[in-house]
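# Descriptive analysis of the structure
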2 protein chains.
Amino acid sequence: MAPTTTTKTGQPFDRAQLDQLLRRRMFMAQSFEIYGGVAGLFDYGPPLCALQANFVDFWRKFFVIEEGMLEVEPTILTPHEVLKTSGHVDKFSDWCTKDPKTGEIFRADHLVEEVLEARLKGDLEARGQAVLVPGDGEEAEPKKKKKIKAKATAVKLEDAERDEYSNILAQIDNYDGPKLGELMKKYKIKNPTTNGDLLDPVAFNLMFQTSIGPSSQSVGYMRPETAQGQFLNFAKLLDFNNQQMPFASASIGKSFRNEISPRAGLLRVREFLMAEIEHYVDPEGGKQHHRFEEVANIELELLDRDVQLSGHTNTTRMKIGDAVSKKIVDNETLGYFLARIQEFLKRIGVDQTKIRFRQHMANEMAHYATDCWDAELLTSYGWIECVGCADRSAYDLSVHAKATGTPLLVRELLKEPRRINEYVVDLDKKKFGPKFKKDGKAVQEAVEALTQEMREILSLDLKEKGEIEVPVSGVGDGKVTLGKDLVNIEKKERVEHMREYVPNVIEPSFGVGRILYALMEHNFWTREGDEARGVISFPAIVAPTKVLLCPLSNHEDFKPIVRRLGQKLRTLGVSNRVDDSGASIGKRYARNDELGTALGITVDFQSVKDKTLTLRDRDTTTQVRASEEEILKAIKSLCEGVESWEEVSARLPKFEGQQEVETKE
Amino acid sequence: MAPTTTTKTGQPFDRAQLDQLLRRRMFMAQSFEIYGGVAGLFDYGPPLCALQANFVDFWRKFFVIEEGMLEVEPTILTPHEVLKTSGHVDKFSDWCTKDPKTGEIFRADHLVEEVLEARLKGDLEARGQAVLVPGDGEEAEPKKKKKIKAKATAVKLEDAERDEYSNILAQIDNYDGPKLGELMKKYKIKNPTTNGDLLDPVAFNLMFQTSIGPSSQSVGYMRPETAQGQFLNFAKLLDFNNQQMPFASASIGKSFRNEISPRAGLLRVREFLMAEIEHYVDPEGGKQHHRFEEVANIELELLDRDVQLSGHTNTTRMKIGDAVSKKIVDNETLGYFLARIQEFLKRIGVDQTKIRFRQHMANEMAHYATDCWDAELLTSYGWIECVGCADRSAYDLSVHAKATGTPLLVRELLKEPRRINEYVVDLDKKKFGPKFKKDGKAVQEAVEALTQEMREILSLDLKEKGEIEVPVSGVGDGKVTLGKDLVNIEKKERVEHMREYVPNVIEPSFGVGRILYALMEHNFWTREGDEARGVISFPAIVAPTKVLLCPLSNHEDFKPIVRRLGQKLRTLGVSNRVDDSGASIGKRYARNDELGTALGITVDFQSVKDKTLTLRDRDTTTQVRASEEEILKAIKSLCEGVESWEEVSARLPKFEGQQEVETKE
């Protein structure tokens, strides 16, 4: 159920108004709109392209450069074998259910969720209560998926049923296909439009398939994540890093998921930009991080697995240092990245009251993960997963190493050589063939796979009886007897100078489009007294355009000044745009408030005379007037976050000459 | 035939050495290498990622921001209908020929080319001459495609045949499938490995196909160019630009082509980054450009269509202003972009002696183009098309408008209303139905389609005879007689206040990966006297890393200095990397010369004492020593191109303390 969110100025957030603005100002457009459009595909227009470019630039500085990560760009096209090994061919799917009569296909978890939510809403209406999902004394849990077609009708439910529904909804992400099928049967969930029966949920793989090369025999996919391409380069990256651990690779690029029925605008799309980090860490020693102290006191809102499984959704505010020492967050490296993610989101302008970290439940986790926390941002669509931070353990490197026979591991010279006492098996392989024939290999493998415990027992047997009995499945009666002539088992000491290990991977994975959408919701508001005038208060660091250059009119005298200002700002690295259209200054500023342009310079006749300019702040609409040099200095200092507008407007003379025309465009 | 190219220091260029460097320093790696690799797919490693990011950043500044272009990001996934309309489904293909016995598939033009080149080479050998393709007195024409398997055997050719071969090779891009089939028959071109017969060439579509959504009925493709997504947004972009013409959209993103048998490393790949501009211009008035004067004196090497058709490849050096006024280059806008492309390539470090602009021949042009010039860069693989600059006329906007019924045009308010006198047809439609029944619509359309000339004749007929005869194919005997009661044709005046037109599109299209590869070849050289020590002299503007921070050793005292320098350089926007590995200073500098790092700072014990640092120039290996403040100022000025190293090293004290250890790593 969509929550009622408010803007940063406390107004109720009006999604339709923002949507309309985003389309009108060409932040985005439905892809192929003149051909009727394709669901789940959107084109970015000029403002959103610039916002995204600034996001990527800052992300690179904040993570890649600041932490010395190794950026790589693997290809989008990926052959079958790679994604078979990684598990995506078999497991990267959603459960979908089909209406055999109409041919409609629904995503099963979304359908169950929507129908139960609609019934709860209908129940509330029947009880004559305000339409809020009944929770357990906490906030109503806004859900993150979009309406299918389920409409609420005012029907009262039994109290017990109502509680069951709430409980199911809190755990909806934890159910697999068979379980969803059960729920559909139990609660008589049908096609919401026709009330027709639905088939049992089946898995639908979310990867786009294609074939590579002219023969059509090489099946390939468009990658569902950038991670696999990074893992495959692990050995080369470790080399590039002079064999030093820990280190991270990073990649910014498009990934693709063939969503069953994408809705929710920019939030659930079939093609999206990801920025992913794969941080490789030694699994021994508790996965510590050498910069953890820098972040230990940062507080996060945490919603852990146990709370959700108990059917609740209340978060706990906690220092990340405490969360790690209490083992709520498993280790320092995971904790370090959670805190860094929050810091990054803060810097680009995400509302800090609309962020929480939610731990995945066991069945919800991707097939490769051992632990996972999502940074979720609150929007009018509910809490949206925007950054995943998973501990993928050694899963990926291990499976690729096994599939290819290529070692993907770290060799570490031990400071102190390690003495190891263990039972060693010696086989006389020459005698194996003649004795066991075709079973020789199976017997050999069974013997070599014996555990230390078994070896200890068998070494005694061998001493006492002169022979041992080893279980070998599929050979003879499942047991094979081996005499001293064939095998010897003895405790021996060996000295290890090197340690070999497969690193574990901590993966912070950013869904760029989702974050940008949340950013737009969080920073959108309207002028008091003129609610049709929208403003998007992007911080300067990501604002699509930092400075608008606004000559009072088309007068020739303004042109050289505007041109010079543009060049000077570019030299300072400050993006700027000229608006010399015929519209009034007020209209031009209103237009640029909607585009999120941080600052505006007006060039007027006084500028021609005395080289002074006015500088306008988007959020307060107040202006100052000073010399060109002073104004440029102020802009640089504002864009770099050295000064705030309050400080600048306190030290420079106020300007109240040209009042903004407060009219709608 | 691959040419012998030389490095910028005049050494013979050794491709194997550069390739080895690029792999060793992880500029790139074969994608999925541990799975055996996939032809035509490469992963970019850290240095090439950084080079590409700097390229994109500068491209955005040089084109998008400098010229106020509107950046858009359309999706990669594209539905069938769009690419059917654009012509790609039917025409975006290469000719391939198959060996029915072995199943091998060859690209037909490459095969013909390689076999004929091999025969020419064999002929030279048989004649005992140096192995250079015999031309026509000019340079040997190095071709841009890669070897198939054709090996030269020393067989002398007839003189006439030799000339035929040369002539064919000069026009190889001009042949279609049937013509290539003819050549294969005429010159007995077979499978070079088995000498088996080959089938006639058939068209192989180069797009990767997939299906969108769960039903598998929506065919889609991975786009072969970013252009179509830009065109579909034309109406919105024109709105965004306040209906002002001309303007340009731009897009940076991946495109895909399922090459038949990709070779030539980074030059012929299946997935590649494009940066494309679509500049919309009024087709009336000669496609002038308001900034053409700024570039008119820039000289380009031009290789026009006529020269190529005559079997030659000699270029002419010419000012772009002259080329346009002589109509060698069709119009100012096309000419403006050719000059800007050359300027851009120059700024990022492309060798200006290795660039030419080649005009496409008629059959070679893409199906949408009316004229096209390629910026080709000379590499060891021959002349490579790196930037295409096509005049796509009104083709794309027209076909999409027709297919969707959406007007994609410009409405321009005329300064002076236009009076138009023309023959107007009036039909009495009410009487049409009863008279012509099912043929009514066909007759009406035939009458309305009459040209002005025909209308003039028929209006006289109508006056004189009272009736007219109109040809209507498929109705009656192909002619229909209409009387005055049904139709009237008269000359009338109407006044037009608006003009409607479909803009033409000039499209500069950059293949980013190809340019980056050429850049690496052009800037690679080796130290004299130590040819194993490679250097890549990237200009600072694109160098993957601008400054290397090199503490003399791992000593604790150096760490705070290095950390402070890193922060200060980042604040100045100068990318830097620390190398505090145990290797000697000389080795670390040698490693970074290979990575193309422009400058190096050494922090030594004197730095701890007196805060001075040494600054080293990659290309000369000379060093200066000065205060931290002076060094940072010099770096900024070098990176911004304000000063050259000669100037900096003339004004700051030379440093000759730590000699570089000139040893191989």
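All values derive from a computational prediction rather than experimental measurement. (Residues numbered from 1 in each chain as written. Chains lettered and ligands numbered in written order. Predicted model: local features only at pLDDT ≥ 70, side-chain atom pairs only at ≥ 80, totals over all residues. Heavy atoms only, no water.)

## Observations concerning the relation of the copies chain B and chain A
Take chain B, turn it by 180°, move it 0.0 Å along the axis, and it overlays chain A with an RMSD of 0.2 Å. Taken together, the rotation and translation describe the operation of a two-fold axis. In terms of C-alpha distance to the rotation axis, chain B has Thr 210 of chain B as its closest residue, with the C-alpha 2.5 Å off the axis. Here 100% of the interface residues in chain B have copies in chain A that are interface residues too; the copies meet face to matching face. (Least-squares fit on C-alpha atoms with pLDDT ≥ 70 in both. Contact = heavy atoms within 4.5 Å.)

## Things to note about the interface of chain B and chain A
Counting residues at the interface gives 69 residues for chain B, matched by 69 residues for chain A. Taking both partners together, chain B and chain A bury about 6,200 Å²; carbon and sulfur atoms supply 64% of that area. Among the residues of chain B in contact with chain A, Ile 34, Tyr 35 and Glu 73 of chain B are the three that bury the most area, contributing 13% of the side total. In this structure, the connection of chain B to chain A is made through 6 salt bridges. Close ionic contact of Glu 66 of chain A with Arg 570 of chain B constitutes a salt bridge, the shortest N to O distance being 3.7 Å. For the interface between chain B and chain A, the tally reads 22 residue pairs in polar contact (both at pLDDT 80 or more). (Buried area = accessible area lost by both parts, 1.4 Å probe. Salt bridge = Lys/Arg side-chain N within 4 Å of Asp/Glu carboxyl O. Polar contact = N/O pair within 3.5 Å; in protein donor to acceptor, adjacent residues only side chain to side chain.)

## Details of the domain arrangement of chain A
Each domain of chain A was delimited in the assignment, giving domain 1 (15–89 + 207–396 + 506–511), domain 2 (93–205), domain 3 (416–494) and domain 4 (545–655). Computed from C-alpha atoms alone, the centre-to-centre distance between domain 1 of chain A and domain 3 of chain A is 47 Å. (Domains from an automatic or database assignment.)

## Quick notes on the UniProt feature "domain: Aminoacyl-transfer RNA synthetases class-II family profile" (unreviewed entry) in chain A
Here, UniProt's "domain: Aminoacyl-transfer RNA synthetases class-II family profile" (unreviewed entry) annotation points to residues 221–539 of chain A. Strand forms 38% of residues 221–539 of chain A and helix 31%; the C-alpha atoms that close the span are 38 Å apart. (UniProt positions renumbered as here; feature names shortened; annotations may be inferred. Helix = DSSP H or I, 4+ residues; strand = E, 2+ residues; numbered from the N terminus.)

## Some points on the pattern of salt bridges
Charged atoms that come close allow side chains of opposite charge to pair. Going through the model one piece at a time under the given rule, you end up with 120 salt bridges over all chains. The partner of Asp 439 of chain B in a salt bridge is Lys 438 of chain B, with the nearest N and O atoms 3.2 Å apart. You can call Lys 438 of chain B exposed: its relative accessible area is 74%. Linked by salt bridges that have partners in common, Asp 94, Arg 107, Asp 109, Glu 259 and Arg 268 of chain A make up one network. (Buried < 20%, exposed > 50% of the residue type's maximum accessible area, 1.4 Å probe, protein only.)

## Some thoughts on the packing of helix α1 (residues 15–24) of chain B against helix α18 (residues 512–523) of chain B
Residue and element names in this part refer to chain B. As a packed pair, α1 and α18 sit with axes 11 Å apart at the nearest point and diverge in direction by 115°. Like other packed secondary-structure pairs, α1 and α18 cross with a definite hand, here right-handed. Here α1 contributes Arg 15, Leu 18, Asp 19 and Leu 22 to the contact with α18, which in turn contributes Tyr 517, Met 520 and Glu 521. Across the contact of α1 with α18, the residue classes tally to 4 nonpolar, no polar and 3 charged. (Axes fitted to C-alpha atoms, helices over the stretch in contact; angles between N-to-C directions. Left-handed = near helix turned anticlockwise from the far one by under 90°. Nonpolar A, V, L, I, M, F, W, Y, C, P; charged D, E, K, R; others polar.)

## Here we look at the state of the cysteines
Residue and element names in this part refer to chain A. Using the criterion set out here, one finds 0 disulfides over all chains in the structure. Cys 386 provides the cysteine sulfur closest to Cys 49, a residue in no disulfide bond, and the two sulfurs are 19 Å apart. According to the relative accessible area criterion, Cys 49 is buried, its value standing at 3%. Of all cysteine sulfurs in the structure, the one in Cys 389 sits closest to Cys 372, which takes part in no disulfide; the separation is 7.4 Å. (Disulfide = S-S within 2.5 Å.)

## Things to note about helix α2 (residues 46–65) of chain A
Helix length check: α2 of chain A (20 residues) gives 27 Å between terminal C-alpha atoms against 28 Å at 1.5 Å per residue, within 8%. Among the 20 residues that make up α2 of chain A, 15 are buried, leaving the element largely enclosed by the rest of the structure. (Expected span 1.5 Å × (residues − 1).)

## Considerations on the side chain of Arg 358 of chain B
Residue and element names in this part refer to chain B. Looking at the element boundaries, Arg 358 is found in strand β14 (residues 355–359). For Arg 358, a relative accessible area of 4% gives the class buried. Within the local environment of Arg 358, its side chain forms a polar contact with the side chain of Gln 308, the two groups lying 2.5 Å apart.

## Observations regarding the pairing of strand β9 (residues 219–222) of chain A
Each regular strand carries side chains that alternate between the two faces of the sheet. Residue and element names in this part refer to chain A. Note that strand β4 (residues 77–79) and β9 share 3 bridges and pair antiparallel. Across the sheet, the residue bridging to Leu 77 is Met 222, located in β9. Two strands pair when backbone bridges link them, and strand β8 (residues 208–211) and β9 are joined in this way by 4 bridges, in the antiparallel orientation. Counterpart to Thr 210 in the pairing with β9 is Gly 220. (Pairing = 2+ DSSP bridges.)

## Focus: the side chain of Arg 499 of chain A
All names here are of chain A. Looking at the element boundaries, Arg 499 is found in strand β20 (residues 487–501). A residue is classified by how much of its surface remains accessible, and Arg 499, at 7% relative accessible area, is buried. Reaching out from Arg 499, the side chain makes a polar contact with the side chain of Asp 282 at a distance of 2.8 Å.

## What about the confidence of the model for chain A?
All names here are of chain A. Per-residue pLDDT for chain A has a mean of 90; in total, 95% of the residues score no lower than 70. For residues 132–147, every residue scores under 50 in pLDDT, and the model assigns this stretch 51 contacts once sequence neighbours within four places are set aside. Counting interchain partners and residues more than four positions distant, the pLDDT-below-50 stretch residues 661–665 has 9 contacts. (pLDDT = per-residue confidence, 0-100.)

## As for the sheet that holds strand β5 (residues 93–98) of chain A
Residues and elements named next belong to chain A. Spatial ordering of the open sheet is given by β6-β5-β7, a layout of 3 strands whose pairing is antiparallel. With one partner strand each, in any of the chains shown, β6 (105–107) and β7 (202–205) form the two edges of the open sheet. Across the sheet, the mean angle separating the axes of adjacent strands is 50° when strand polarity is ignored. Taken together, the 3 bridges between β5 and β6 define a ladder with antiparallel strand orientation. Residue pairing in the sheet places Thr 97 in a bridge with Phe 106 of β6.

## Points about the environment of Ile 506 of chain B
For Ile 506 of chain B, the location among the structural elements is in strand β21 (residues 504–511). Ignoring sequence-local partners within four residues, the contact set of Ile 506 of chain B consists of Ile 277, Glu 278, His 279, Val 281, Lys 287, Asn 331, Thr 333, Leu 334, Phe 337, Cys 389, Ala 390 and Asp 391 of chain B.

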